[in-house]
Amino acid sequence: MALDPADPISVLNQAFRDAYAARRDAVLSRMGPVIAQIDDVLILRKGGQRFEAPARTRRYHEYKAVTHVPLALHILLAGKGALDDDTRTRLLTLRGLITASRTSLEGRGLPAEALARQQRLLDASFALVDGVLAADRVTQAELSAFIHARVPDLLKNAEDAARDQIDTMHASVEAWKREMTGNERGQLRAVVAASHMSRPGNVAAQYFSITLGDTWEGRFHEEDQQPGKRVLSSEATFDEPSAFALLATHVLDANTARGIFGEETRMARDLLADAAERILAGMFQTSPEPPGTSAP
């Protein structure tokens, strides 16, 4: 049960939180240049000023949106046989949306190969929807054949979307870096605002790791939270103040942990983590396994 807000210990704890937040804000104000990637925008804070630049273009979203159509059909129809009313209604809606999107492709200025690819994906999706609605059922063999045939085009769309984001970010970041001193470039940090289901291999996290000289972990199976890390991912944070606060928290916690525990990474773990590990090891007579060593 939580403490009553009027409890003296609760009031004391809030005073600590307020002091911590004030100190974090002070750390952020003294940091060198910092960049946040939030959705389609890059935000640079440098010398008390704020700058914006694009992180993606419309093309990124066009490729991803078309990619989602076959995936949505697979999700909607997996495990189905005869159609229920809800599935039939959704398919009819998708049928109309696919038709409208297919008609709009010619005016988007896509490269010829990319245009043909989007047309193939939407045409195949339309044909599946039409066939399933006509039969009022779907077989899993039919659905499997449909989605597996789409995989090469889906992966190529993913590649083109990634290239759009990387090229766009690189142009923006390099333009900013040209306006920085060597010392500012050496201090530059970045935070990536990831979704609540952030997946390993985030495009922006990979890009910043390379351009800022962090260890490039490619698919990021495990993110390294060492205190000197210049690129951080802010999970489920899509507002600018929280994204930048994460960077300041990282620096402040490293400095605090070094001063108190003599171990810079100690506050990157839950303060209760080591005690919990010892208690659980004794309770269940086992030991934690290093990542990647679990039995399949």
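Note that the coordinates shown come from a computational prediction; the quantities given were computed from them, not determined experimentally.

**Student:** Just checking my understanding: could you explain unusual backbone geometry for this structure?
**Tutor:** Residues apart from glycine generally show negative phi values, whereas peptide bonds are mostly found in trans. The backbone of aspartate 136 shows a phi angle near 60 degrees, a positive value even though the residue is not glycine. Summarising the element assignment, aspartate 136 is placed in the loop between α4 (112-135) and α5 (140-178). Overall, the relative accessible area of 31% leaves aspartate 136 in the partly exposed class. The backbone phi angle of glutamine 285 is positive, close to 55 degrees, even though this residue is not glycine. Within the fold, glutamine 285 resides in the segment after α9 (273-284). Taking relative accessible area as the criterion, glutamine 285 reaches 68% and is therefore assigned exposed.

**Student:** Would you mind showing me how to read the confidence of the model for the chain here?
**Tutor:** Here the chain averages 86 in pLDDT, and 88% of its residues register 70 or above. At the low end of the mean pLDDT range in the chain sits strand β5 (residues 231-235), at 73; at the high end sits α4, at 98. Confidence drops under a pLDDT of 50 for residues 220-225, and excluding neighbours within four residues, the segment shows 15 contacts in the predicted structure.

**Student:** Quick question: what am I supposed to make of the packing of helix α2 (residues 58-77) against helix α3 (residues 85-104) here?
**Tutor:** Geometry of a packed helix pair, given as the angle between the helix axes and the separation of the axes. Where α2 meets α3, the closest approach of the two axes is 11 Å, and the angle between their N-to-C directions is 170 degrees. Between α2 and α3, the crossing angle belongs to the class labelled roughly antiparallel. Seen from α2, the contacting residues are Val69, Leu73, Leu76 and Leu77; seen from α3, they are Thr87, Arg90, Leu91, Leu94 and Ile98.

**Student:** Sorry, what's going on with the pattern of salt bridges here?
**Tutor:** Close approach of charged atoms allows side chains of opposite charge to pair. Per the counting criterion, the structure on display carries 19 salt bridges. Arginine 117 serves as the salt-bridge partner of aspartate 160, at 2.9 Å between the closest nitrogen and oxygen. Taken together, the positions of aspartate 160 in helix α5 and arginine 117 in helix α4 put the pair 43 residues apart, joining distant regions of the chain. Given the relative accessible area of 14%, aspartate 160 is considered buried. Judged by relative accessible area, arginine 117 falls into the buried class, the value being 0%. Salt bridges here are not isolated pairs; linked through shared partners, they connect Glu113, Arg117, Lys156, Glu159, Asp160 and Arg163.

Cut-offs and rules
Residues numbered from 1 in each chain as written. Predicted model: local features only at pLDDT ≥ 70, side-chain atom pairs only at ≥ 80, totals over all residues. Heavy atoms only, no water. Helix = DSSP H or I, 4+ residues; strand = E, 2+ residues; numbered from the N terminus. Buried < 20%, exposed > 50% of the residue type's maximum accessible area, 1.4 Å probe, protein only. pLDDT = per-residue confidence, 0-100. Contact = heavy atoms within 4.5 Å. Axes fitted to C-alpha atoms, helices over the stretch in contact; angles between N-to-C directions. Parallel < 35°, antiparallel > 145°, perpendicular 65-115°, else oblique. Salt bridge = Lys/Arg side-chain N within 4 Å of Asp/Glu carboxyl O.

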